[in-house]
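Residue-level structure breakdown
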Amino acid sequence: MRRLLAVCFFLLTGACVPRDAISVDEVLKDLDSYYGQRITVKAKFRSGARCRQGDDGEWKTYCKDCQYCRGPVVVDSGITPKDEEIDDWPMILGGTHEMQDIRCKGPLNQVECFPFTPGKTYIVRGRLEKQHPPKLLVAEFWALDES
């Protein structure tokens, strides 16, 4: 009986990954339609960390002898929303997971993006905030098995 319940539990938890996720590129093409709404997107992410040299140094994308880097988790897309100057961040993620900020941080060449792995595909559900750059406040997420 316990084995049957365990199998049912694993089948049900595997079925909880939403199937209605839309491509993040589709959202970026028409941001105004999605602002303020709860959305479910399929996307890959990368680090948006900027690095600082010394305690009173200027934050830069790249620098020699950087000591520490930090920044947002950024949607990895070639699309930049229309009519906005967003540098290289088309959309960022925000919020917390397991009582830690969703962000990238760490020493140069050792930056980690909690709780996401850069380059891996995820389905993320959250509310899209209208700010510069757009921010998706993460409510829940699932890693996709790309095998």
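Presented here is a report on the structure given in the accompanying data block. For clarity, every value in this text was computed on a predicted model and none was experimentally measured. (Residues numbered from 1 in each chain as written. Predicted model: local features only at pLDDT ≥ 70, side-chain atom pairs only at ≥ 80, totals over all residues. Heavy atoms only, no water.)

What about the nonpolar core?
Ranked by internal contacts, the top residues of the largest apolar core, which has 26 residues, are Phe-45, Met-91 and Leu-128. Sorting elements by how many residues they give to this core places strand S2 (residues 38–47) first, with 4 residues. If we ignore the near neighbours within four places in the chain, the residues touching Met-91 are Val-24, Val-27, Leu-28, Leu-31, Val-73, Val-74, Val-75, Leu-128, Pro-134 and Leu-136. (Core = buried A, V, L, I, M, F, W, Y, C linked by side-chain atoms within 4.5 Å. Buried < 20%, exposed > 50% of the residue type's maximum accessible area, 1.4 Å probe, protein only. Helix = DSSP H or I, 4+ residues; strand = E, 2+ residues; numbered from the N terminus. Contact = heavy atoms within 4.5 Å.)

Focus: the pairing of S2
For strand S1 (residues 22–23) and S2, the ladder comprises 2 bridges, and the chain directions are parallel. Paired with Ser-23 across the two strands is Lys-42, which belongs to S2. A crossover connection joins S1 to the parallel S2 through helix H2 (residues 24–29); in handedness this β-α-β unit is right-handed. The sheet contact formed by S2 and strand S12 (residues 121–129) spans 7 bridges and is antiparallel. Following the sheet pairing, Thr-40 is matched in S12 by Arg-125. Two elements, S2 and strand S6 (residues 73–75), share 3 bridges in a ladder whose sense is antiparallel. Bridging across to S6, Ser-47 finds its partner in Val-73. (Pairing = 2+ DSSP bridges. Right-handed = clockwise from strand over helix to strand, strands pointing away.)

Here's the deal with the pattern of salt bridges
Under the counting rule described, the total for this entry stands at 3 salt bridges. The closest approach of N and O atoms between Arg-38 and Glu-140, which form a salt bridge, is 3.3 Å. Placement of Arg-38 in strand S2 and of Glu-140 in strand S13 (residues 135–143) is noted, with a sequence separation of 102 residues between them. The closest approach of N and O atoms between Asp-76 and Arg-46, which form a salt bridge, is 3.8 Å. (Salt bridge = Lys/Arg side-chain N within 4 Å of Asp/Glu carboxyl O.)

Looking at unusual backbone geometry
Here the bond from Phe-114 into Pro-115 is cis, since omega is -5 degrees, no more than 30 degrees from zero. The residue Pro-115 is located in the loop between strand S11 (112–114) and S12 in this model. Omega for the bond connecting His-132 with Pro-133 falls within 30 degrees of zero, at -10 degrees, which places this linkage in the cis form. Considering the arrangement of structural elements, one finds Pro-133 in the loop between S12 and S13. Its identity is not glycine, yet Met-99 carries a phi of approximately 60 degrees, on the positive side. In this structure Met-99 comes out as exposed when scored by relative accessible area, which is 84%. Of note in the backbone geometry, Asn-109 takes a positive phi value of approximately 65 degrees without being a glycine. The residue Asn-109 is located in the loop between strand S10 (103–106) and S11 in this model.

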